[in-house]
Amino acid sequence: MKNPGFAARMGMLGALAAALLSGCGGAGQDSTPSAAQTPSAAKVEQVDGRVQPASADQGVPHVKSRHVGAIPTPSRIHLGALKQEEIRSAASDASPRKLVGLARAVDAAPTLQQLQWQPVAGGGQVAAISVSAEGAHGLRLGIIVRQLPGSAVLRLYRQAAPATVFQISGQEVLQRIESNALAGDHSLDGQTWWTPDLGADEVTLELELPAGTDVAALDMALTRVSHIFENLALPTQDKFETKINDAMPCNRDASCENDYADQRNAVARMSFVSRGDAYTCTGTLLNDSQSSGTPYFLSAHHCISSQAEADTLETNWFYRSSSCRSRTLSSRSVHRRGGAKLLYSSNSTDTALLQLNDAPPEGAFFAGWDASAQTKYSSVTTLHHPAGDMLKISLGRLGEQTTCTSMSQSGSFDCDGKTGNYYEVYWYRGTTEYGSSGAALLNSAKKVIGTLYGGTSSCVNMSAKEIFGRFDVAYEAGLKKWLAAAQADASNQRVAVHRFYNNRTGTHFFTTNVAERDYVVQRLADFAYEGTAFYAQAQAQPGSIPMYRFYGAASGTHFFTASEQERDSVKNNMPQYHYEGIAWYASPDHSANTSAIFRFYKQVPFYTINQAERDFIIANYREYTYEGPNYYAWTNP
């Protein structure tokens, strides 16, 4: 049925997209591949820092407000309090990362078929499950996900505040599970999606299914809960709580050291799940040689060493006092829940490099670094979150280089000698504790030169040594692949292909343009944003193939094809579709690091890079005709 208002809105949107994309490989231009020329990489040993500008794309937030008139009645699971002896026993683990939560099995969780399913507008259905635990400061639900429609919507909220929800599409959840599989993790942890921490003793998970989905086709199960027993919650924006300092008293408030005003904006408190237990560590945002704004994030291997752990990462930015020794949390504090991709992790220097899925907030600092060996006795500094507390600063001097050997899985190690992959550090102000792990070591030029492994110093034993992995060694071993990449030709850059589900037509829409993405999110209520579908090339490359885009004003649907023959057929035989040009470029074959894009047909073509979604559609949606792999793209930027 023709919808003049809808067509008019999309007409303006098409004009906006054409103007914005005309110079960056979006809809509205056809071009031929030109030879890609990548300058040879000069050796890079030092990089300065940069500030995240206000203009940086912050993505589409997962936290949303919604009308609460039709909240489903949840099934309920009540867990008892954790016993103090359980917490004490687990906390005696010698791991340098700070334990803040314990895994608890959920043996009596109802099946999906046992939930109270209710119909929703558009023909779908919704159900919810509420989990509570006495004394918990937070609960993260471990959901094994094997079969789920990509256009499902998962929401997390508290029964006490149902109008504010964390919302994520089934497609995003499936992509996270597939990232674990592509990293070689097919274990229980690799198949588990961990919900974010809302900082409460009760959370509700709501699942809304699109029309035509049989509940019996789902394969999901709540099997574990990570019970957070430490208070990690941030205060609300209009009510700042006094944070009782958990760190030892000799640690110095980082807000008192304005000489490090930029560097302290590079540091985030990390929280994550490993085998169901929850931990905190410290991480630092790093710049690269091109100041690209890519959110590279440095921490310790013993904090995060698997993609499954990286996927659970949450970060607290500007988590420090509002002023020197105020003991009150800064109003700038920001919580990000998007997880990360693990790029590099090695126990030889106890180094991990991640790429955050969420953009760092405005004002965050991408720290500079120095990939040269440092001089003994030179001044050094670290900014860290001891015991998960607000940001602290420690100052000291470098000692010898040394060789360290891990002694157990619990994190204990032994160091010896005057050469090796680690630095000894001796503090004269402040110290480090559990939770400081992964913090960056800065030289006198305030550039990153190491990451915290561990040590034995304390307020009563300031002369004991601390051990930091050498950044220069990790850089040569692998970090330079990302941090010192040569200036790339613009035609070789990848862009995110954003995906929407049109609830009115039952079709999907894709765009690489951020302005168009945001317009659809803000103005077109029929379109549900489903996150990044995959990554494609912004411009033509030798051998690449274009994806052509059409728009049908009468139906409100888009038609995408990678076939020149089909493009011409649509132009000649389907006048209801207006040709809008090339949307993006991809690979015609399975080259390095690419994955197949699978094509279905229902009214118009639909594409997915996710094998689990492909299999679910084939098994459960007969209205879709499966046409096989169509072209190849990337799951990562």
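Here is what the cut-offs are and how they apply
- Residues numbered from 1 in each chain as written.
- Predicted model: local features only at pLDDT ≥ 70, side-chain atom pairs only at ≥ 80, totals over all residues.
- Heavy atoms only, no water.
- Helix = DSSP H or I, 4+ residues; strand = E, 2+ residues; numbered from the N terminus.
- Buried < 20%, exposed > 50% of the residue type's maximum accessible area, 1.4 Å probe, protein only.
- Contact = heavy atoms within 4.5 Å.
- Areas by Shrake-Rupley, 256 points an atom, 1.4 Å probe, with all protein chains shown as cover.
- Core = buried A, V, L, I, M, F, W, Y, C linked by side-chain atoms within 4.5 Å.
- Disulfide = S-S within 2.5 Å.
- Salt bridge = Lys/Arg side-chain N within 4 Å of Asp/Glu carboxyl O.

**Topic: the overall build of the protein**
- Tallying secondary structure elements over the protein gives eight helices and 39 strands in all.
- Of all 637 residues assigned to the protein, the portion counted as buried reaches 56%.
- Counted over contacts in the protein with a minimum sequence separation of 6, partners at least 24 positions apart contribute 74%.
- Put simply, the protein shows about 25700 Å² of open surface, and 48% of that area lies on carbon and sulfur atoms.

**A few points about the side chain of Gln263**
- You can see Gln263 is positioned in the loop between β14 (252-253) and β15 (267-274).
- Here Gln263 is in contact with Phe365, Leu383, Leu442 and Lys446, once residues within four sequence places are set aside.

**Focus: the environment of Ser299**
- Following the sequence through the fold, Ser299 ends up in strand β17 (residues 296-299).
- Its relative accessible area of 1% is what places Ser299 among the buried residues.
- Along the sequence, Ser299 and Met270 sit 29 residues apart, while their C-alpha atoms lie 9.3 Å from each other.
- Excluding its chain neighbours within four sequence positions, the residues that come into contact with Ser299 are Met270, Cys281, Thr282, Gly283, Asp350, Thr351, Ala352, Ser437, Gly438 and Thr451.

**Observations concerning the nonpolar core**
- One finds Leu148, Trp193, Leu207, Trp584 and Tyr631 to be the most contacted residues of the largest nonpolar core, which totals 66 residues.
- For this core, the element with the most residues is strand β33 (residues 527-537), which contributes five residues.
- Formed by 29 residues, the second largest nonpolar core is a distinct cluster that contains Ala266, Leu286, Tyr296 and Leu479.

**Observations concerning the state of the cysteines**
- The final tally for this structure, using the stated rule, is four disulfides.
- Through a disulfide, Cys404 is tied to Cys415; the S-S separation comes to 2.0 Å. What sets the handedness of the Cys404 and Cys415 disulfide is the S-S torsion sign, and at about 105° it is right-handed. Taken together, the positions of Cys404 in strand β25 (residues 392-406) and Cys415 in strand β26 (residues 413-416) put the pair 11 residues apart, joining distant regions of the chain.

**Details of the pattern of salt bridges**
- If you walk through the whole model with that rule in mind, you get 27 salt bridges.
- Glu516 serves as the salt-bridge partner of Arg549, at 2.7 Å between the closest nitrogen and oxygen. Taken together, the residues span a long stretch of sequence, with Arg549 in strand β34 (residues 545-552) and Glu516 in helix α6 (residues 514-523) at a distance of 33 residues.
- For Arg549, a relative accessible area of 2% corresponds to the buried category.
- Look at Glu516 and you get buried, because its relative accessible area is 1%.
- One salt-bridge network, held together by shared partners, links Arg66, Arg155, Glu206 and Glu208.

Purely spatial values, then, with no claim about function.
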